[in-house]
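Read off the chains here:
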Amino acid sequence: MQTQRGLWLFLVPSGLVISLVLLYPLGYAIYLSFFNYYLGGQPPTFIGFGNYVALFGDERFWGSIGKTVLIVAGAVGLEFVLGLAVAFGLYKLTFGVKPLNLLMFLPHIVTPVVAALFLRWIFTGRWGLLDAIIMSFNIFPPDWLGTPGWARFTVILADAWQFTPFMILVLYAGLNTVDNSQIESAQMDGAGNWTILTKIMVPAIKPLILFVLAIRIMDAFRFFDQIYVLTAGGPGTATETLTMYTYALAFRLLEIGKASALGVMTLLLSALTIGLLILVLYRRDKGAF
Amino acid sequence: MPGFDLDRRRALGVLGAAAATTALAGGTARAQAPVQMISHRFPALEFYAEKMRGAVEGVEVNTQLMPFDKANELATIGLSSKADTLDIVYANDTTVHKYAKNGWLMPLDDLWAKFSDEYDLADFPERALAPYRYEGKLYCVPHNVNVMLFFYRRDLFQEAGKQPPATMAEYVELAKEFNTPMRAGTIKCLKPIDATMNEVHWYLNTIGDGWFDQDWRPVFNSENGVKAIEALKEVTGYAQRGYATAANDECTLALQQDLAAMGLQWASRTAAMDDPTKSRVVDLIDWAAAPGGHTRTATDGYAISAFTKQDPELLFRILATSSSAANMREGAAMLVPPRDSVLRDPELVKQFRQYPGILAALETAVPTPPLPEFYEAGEFITRRILQAVAGEMEVKAALDAAAAETTQLLESRGYYR
């Protein structure tokens, strides 16, 4: 028992690091969110929930929530579908899996802002790579970054380009853990690939799917770098997400208190989304989480 | 292992000596810490950054150059936290008011008087200094006077038998006429915030009634203001693809690569049109004052942080040396010199073919309002205007919303009391 009690000491270093880099900034952001704190002027004044109330009455806040949900759902949905399809393809492949996996993972190791710069030169109008290729066939493509609908589609595509490899990696690892005897039995009963994937493999890796979706949703709610570089929130407000609005509040309007409140609300929103996801995926399996 | 012990002792001795030397050298290095400069980036400012690096012998100047929005944000973060990490800060006629109002900059009047003769500072006319005064005190050493002027393809205009447009209506017509799938009628730079504000400034001052009245009440949503933004919206129909995310770099590129027939751009970008390594339209572009005039003029200069730990006289020497008449003459192809002796030099006008257009544009150009919160207000105004241009809102509704938001912002900053 003495040894058991002493084990908590091993948690101290990581606990300290987590407190320093995670809990302290989070606590400080929550603290600042209760102040009217304008960076350019007077000392901060305590206003309680004033910033939160102001945000609830702010049309721009609701607009950015709508766009965030749309972009997050689009990006994570696309990444999941593509990731699962490619992971299943790799699972069925009998040779070259490792090099293929490695190659496909490359976009994920690029720093998001650098990836966004690459993508900007691909999607930019007229002299961008994509336009140049399409226009060489005398076809005039849409203005990828200049029209609201296409701009949203492009940022979703950009996110998918970078983060689908993560989905592939995790889902491929998951598919390999599925009990082979179940698959063989299904095959003997005449089940095809689609049935095996949807009726046996996907249910078998449900906890892993939940994990990977939760990770990606949390990440996607913080989606900033690529939007900042590709569209800067435009055209108009077509891609102005919560993080873009937070950025504008903090660094353009210098409203640190309000920006902190928005950061806290983004955190709550992403936690709520993940909670709902758990509820939906496990509504029949009480006690699973 | 006696040999090993000996080696280890020797190694420790060498390391000890090295550590002592490093400590001593470190002491010296700390006494001469590099001067930290942060700046907006375009060719003229890159030229001045180079001059600052060699301005004072033995003094290292670390220059960080980046796009305007980033430089402004980083300067705001550094200065608002009263950090001594910045010594020399880029400021234009708009940002200087914000920085000075918040007490982030050092007034330069005493240094200016002290070094006036040594650096011939009387050569800077008052019109070059005025934008850098806040409540009567001077905060910047001017390095460049920039102005937006009209770039147009001389060959295309000649082929079509056209003259540069004199009015906004003529400009819109020409944009429509020159617009083809392969070459846009005009460039438009509508990336938020700075680039959009530059374009909007032209329309609001030419067709509309400007930005604010004397009491800082918005007038950009007046009847004429609505007409101005409707004209802007119409012209975007003839603009280059990607105009909504284009800033000065992208617009310069569109002109250089023969992707647009004309448009508004800064004087500091004129030389780039004739750079054969970057441009496909060398000697094909001419310049004139913009139709209707009233484009934006801006001053680029450098200030000293109020929180610097460096010797202010040393920093001032760096600024005064880099903005010498000789440097302005050397860089005249890429900048508009604020010093009278250089700007009015007839030789320069002969040497650089863009100068007549620049001088013509300067005659009618107007600076942005000297409101310290102008960029903060710009966040609301440009956002709404871009919503109108993108078709998310009607122009009138967008401008009214922007006016209400701007009024609320300025009220919260103590205006109208």
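Residues numbered from 1 in each chain as written. Chains lettered and ligands numbered in written order. Predicted model: local features only at pLDDT ≥ 70, side-chain atom pairs only at ≥ 80, totals over all residues. Heavy atoms only, no water.

J.: In this structure, what is going on with the overall build of chain B? I would like to understand it.
T.: Along its length, chain B carries 19 helices and 9 strands. Principal-axis analysis of the C-alpha atoms gives chain B an extent of 90 × 55 × 55 Å. With 417 residues in all, chain B has 57% of them scored as buried. Contacts in chain B between residues far apart in sequence, at least 24 positions, make up 75% of those at least 6 positions apart. Carbon together with sulfur atoms contributes 54% to the accessible area of chain B, which is approximately 16700 Å² in total. Averaging the positions of the 42 positive and the 55 negative side-chain charges in chain B gives two centres separated by 4 Å. (Helix = DSSP H or I, 4+ residues; strand = E, 2+ residues; numbered from the N terminus. Buried < 20%, exposed > 50% of the residue type's maximum accessible area, 1.4 Å probe, protein only. Contact = heavy atoms within 4.5 Å. Areas by Shrake-Rupley, 256 points an atom, 1.4 Å probe, with all protein chains shown as cover. Lys, Arg positive; Asp, Glu negative; His and termini not counted. Charge placed at Lys NZ, Arg CZ, Asp CG, Glu CD.)

J.: What is the right way to look at the packing of aromatic side chains in this model?
T.: Aromatic rings considered in pairs are described by the distance between their centres and by the relative angle of their planes. Residue and element names in this part refer to chain A. In total, this model carries 39 aromatic pairs over all chains according to the counting rule given. Summarising the aromatic geometry, the rings of Phe-88 and Tyr-91 are spaced 6.3 Å apart at their centres and angled 15° between planes, so their arrangement reads as stacked. Residue Phe-88 and its partner Tyr-91 are both found in helix α4 (residues 59-92); the two are separated by 3 residues, about one turn of the helix. A relative accessible area of 11% places Phe-88 in the buried class. Residue classification places Tyr-91 among the partly exposed residues on the basis of a relative accessible area of 22%. Ring plane angle 65° and centroid distance 6.2 Å describe the contact between Phe-123 and Trp-144, whose orientation is recorded as edge-to-face. Remark: Trp-144 occurs in the loop between α7 (129-135) and α8 (148-175) and Phe-123 occurs in helix α6 (residues 112-123); sequence separation between them is 21 residues. (Phe/Tyr/Trp six-rings, centres within 6.5 Å; stacked < 30°, edge-to-face > 60°.)

J.: Where do I start with the packing of α8(A) against helix α11 (residues 206-221) of chain A in this structure?
T.: The axes of two packed helices give the description: the angle between them and the distance between them. Residue and element names in this part refer to chain A. Taken N-terminus to C-terminus, the directions of α8 and α11 make an angle of 160°; their axes are 10 Å apart at the nearest point. The angle between α8 and α11 falls in the class roughly antiparallel. Here α8 and α11 pass one another in a crossing that is right-handed. Note on element contacts: α11 touches α8 through Leu-208, Ile-209, Phe-211, Val-212, Leu-213, Ile-215, Arg-216 and Asp-219, opposite Asp-159, Phe-163, Phe-166, Met-167, Val-170, Leu-171 and Gly-174. (Axes fitted to C-alpha atoms, helices over the stretch in contact; angles between N-to-C directions. Parallel < 35°, antiparallel > 145°, perpendicular 65-115°, else oblique. Left-handed = near helix turned anticlockwise from the far one by under 90°.)

J.: So what exactly am I meant to see when it comes to the pattern of salt bridges here?
T.: Pairing between side chains of opposite charge can happen when the charged atoms of each approach one another. Residue and element names in this part refer to chain B. Scanning the model with the defined rule gives 43 salt bridges over all chains in all. The residue Lys-51 makes a salt bridge to Glu-330 at a minimum N-O spacing of 3.0 Å. Separated by 279 residues along the polypeptide, Lys-51 in helix α2 (residues 43-53) and Glu-330 in helix α14 (residues 325-330) bring together distant segments of the chain. The exposed category is assigned to Glu-330, whose relative accessible area is 51%. Put simply, Lys-70 and Glu-73 hold a salt bridge, and the shortest N to O gap is 3.2 Å. With Lys-70 and Glu-73 both in helix α3 (residues 68-80) and 3 residues apart, the pair spans about one turn of that helix. Owing to a relative accessible area of 6%, Glu-73 belongs among the buried residues under this scheme. (Salt bridge = Lys/Arg side-chain N within 4 Å of Asp/Glu carboxyl O.)

J.: What should I look at first to understand the interface of chain A and chain B in this one?
T.: Think of interface size as the accessible area that goes away when the parts come together; that is how it is often given. Opposite the 36 residues of chain A that make contact, chain B presents 31 residues. Regarding the contact of chain A and chain B, the summed buried area is about 3100 Å², with carbon and sulfur atoms giving 54% of it. Its largest share of buried area at the contact with chain B, chain A owes to Arg126(A), Trp127(A) and Arg252(A), together 22% of the area lost on that side. Viewed at the interface, chain B and chain A are joined by 7 salt bridges. (Buried area = accessible area lost by both parts, 1.4 Å probe.)

J.: What is the right way to read the packing of helix α9 (residues 180-188) of chain A against helix α10 (residues 193-204) of chain A from this model?
T.: All names here are of chain A. Viewed as axis vectors pointing N to C, α9 and α10 meet at an angle of 145°, and their least axial separation amounts to 11 Å. The handedness of the crossing between α9 and α10 comes out as right-handed. When α9 is examined against α10, the residues Gln-182, Ile-183, Ala-186 and Gln-187 are found in contact with a partner set consisting of Ile-196, Ile-200 and Met-201. Within the contact of α9 with α10, the residues separate by chemical class into 5 nonpolar, 2 polar and no charged. (Nonpolar A, V, L, I, M, F, W, Y, C, P; charged D, E, K, R; others polar.)

J.: I'm lost on the side chain of Glu240(A) in this one. Help?
T.: Inspection of the secondary structure assignment puts Glu240(A) in the loop between α12 (225-230) and α13 (242-252). Within the structure, the side chain of Glu240(A) is placed 3.4 Å from the side chain of Arg383(B), a separation counted as a polar contact. Not counting chain neighbours up to four residues away, the residues in contact with Glu240(A) comprise Arg60(A), Ser64(A), Lys67(A), Gly233(A), Tyr245(A) and Arg383(B). (Polar contact = N/O pair within 3.5 Å; in protein donor to acceptor, adjacent residues only side chain to side chain.)

J.: Whenever I open this one, the nonpolar core confuses me. Can you help?
T.: Nonpolar side chains in soluble globular proteins tend to end up buried together. Formed by 135 residues in total, the largest nonpolar core has its most connected members in Tyr171(B), Tyr203(B), Met262(B), Phe316(B) and Ile318(B). With 9 residues, the top contributor of residues to this core is helix α18 (residues 374-389) of chain B. Excluding residues within four positions of it along the chain, Tyr203(B) makes contact with Met168(B), Tyr171(B), Lys188(B), Gly208(B), Ala228(B), Ala231(B), Leu232(B) and Val235(B). The next biggest cluster of nonpolar side chains, apart from the first, holds 32 residues, and it includes Met167(A), Val170(A), Ile183(A) and Val202(A). (Core = buried A, V, L, I, M, F, W, Y, C linked by side-chain atoms within 4.5 Å.)

J.: Could you clarify how one ought to interpret the side chain of Gln240(B) in this entry?
T.: Residues and elements named next belong to chain B. With respect to the secondary-structure elements, Gln-240 resides in the loop between α10 (223-236) and α11 (248-256). The exposure class assigned to Gln-240 is buried, which follows from its relative accessible area of 5%. Look past the residues within four positions of Gln-240 in its chain and what remains in contact with it is Ala-184, Thr-186, Ile-187, Lys-188, Ala-246, Cys-251 and Ala-254.

J.: Where do I start with a nonpolar patch on the surface in this structure?
T.: All names here are of chain A. A cluster of nonpolar residues, Val-17, Ile-18, Leu-20, Val-21, Leu-22, Leu-23, Leu-26, Ile-30 and Leu-267, forms a patch on the protein surface that exposes about 820 Å² of accessible area. In terms of residue count, helix α2 (residues 11-32) provides more of the nonpolar patch than any other element does, 8 residues in total. Along the polypeptide, Val-21 turns up in helix α2. (Patch = residues over 30% accessible without salt bridge, like charges linked within 9 Å, V, L, I, M, F, W, Y side chains within 5 Å.)

J.: Whenever I open this one, α11(B) confuses me. Can you help?
T.: Most of α11(B) is tucked away: 7 of the 9 residues are buried. Close packing links the buried residues of α11(B) with α6 of chain A together with β6 (141-153), β7 (262-266), α12 (270-273) and β8 (285-288) of chain B. Just beyond α11(B), the residue with positive phi is Asp258(B), at close to 65°.

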